[in-house]
Amino acid sequence: MKVKETFGTKILKHFYGIPGVLDEHARQEVSRIGSNAYLMLVSYLLISTLIILLISIRHLENAFWILVFSNLIVPIYGINGYVLVATNRLHLADKEVRAQNYADAVKKSVKHGIGMAVYFGTTMFLFTSMTNWFIDGTQPIQTLTSIHEIINWILSGAFFGLVMFIYDLFRTKKIRE
């Protein structure tokens, strides 16, 4: 009989990259990782607010842009990087497959990598067009039809998809029976 997961458990498993059952040990470790990430984020917010307050006395616009970009970079790369490393060290994100099912798992990883490449490339393509519109005043259609932007979109998507495929492959562990 399969136990029905709550919506919160599904979100938790997705965010931390846990493919299997979320048992009590995994739940405790995820809770510890989440608490550490929260404390890091609160510390960052307090320190960055103080620094930006000091910078804004003389350079208000520069302080604004520093705050915007640091608030994008630190949570995405810093906090998510910590969560990724912590879950990998504890082997919470490992996918265990039987030796006879390993080829199917690799095919699934390839499909996942292709899907992530299309998702990331498209998102960055649209994000670039909107950013250019807000910052430079460039019309979005001009950015969307630019060969240079299309090539960047394809290359960034392919690179991201390749990295996600390799990461997914490293998470997949063969088990012997």
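Residues numbered from 1 in each chain as written. Predicted model: local features only at pLDDT ≥ 70, side-chain atom pairs only at ≥ 80, totals over all residues. Heavy atoms only, no water.

**Examining the pattern of salt bridges**
Item 1. The full count for this structure, using the stated rule, is three salt bridges.
Item 2. Linking Glu 29 and Arg 32 is a salt bridge whose minimum nitrogen-to-oxygen distance equals 3.2 Å. Placement of both Glu 29 and Arg 32 in helix 2 (residues 24-56) is noted, with a separation of three residues, approximately one turn of the helix.
Item 3. On the basis of relative accessibility, which here comes to 39%, the residue Arg 32 falls in the partly exposed class.
Item 4. The salt bridge involving Lys 95 is made with Asp 168; its shortest N-O contact spans 3.0 Å. Within this pair, whereas Lys 95 is found in strand 1 (residues 95-98), its partner Asp 168 is found in helix 6 (residues 147-171), the two being separated by 73 residues in sequence. (Salt bridge = Lys/Arg side-chain N within 4 Å of Asp/Glu carboxyl O. Helix = DSSP H or I, 4+ residues; strand = E, 2+ residues; numbered from the N terminus. Buried < 20%, exposed > 50% of the residue type's maximum accessible area, 1.4 Å probe, protein only.)

**Details of helix 3 (residues 60-89)**
Item 1. With 30 residues, helix 3 extends 42 Å from end C-alpha to end C-alpha; this agrees with the ideal 44 Å at 1.5 Å per step.
Item 2. A bend of about 30 degrees at Val 74 is the largest found in helix 3, and the proline Pro 75 appears one to four places after it.
Item 3. As for helix 3, its buried residues are in contact with helix 1 (7-16) and helix 2.
Item 4. At the exit of helix 3 stands His 91, carrying a positive phi of roughly 60 degrees. (Expected span 1.5 Å × (residues − 1). Bend = angle between axes of the 7 residues up to and from the residue. Contact = heavy atoms within 4.5 Å.)

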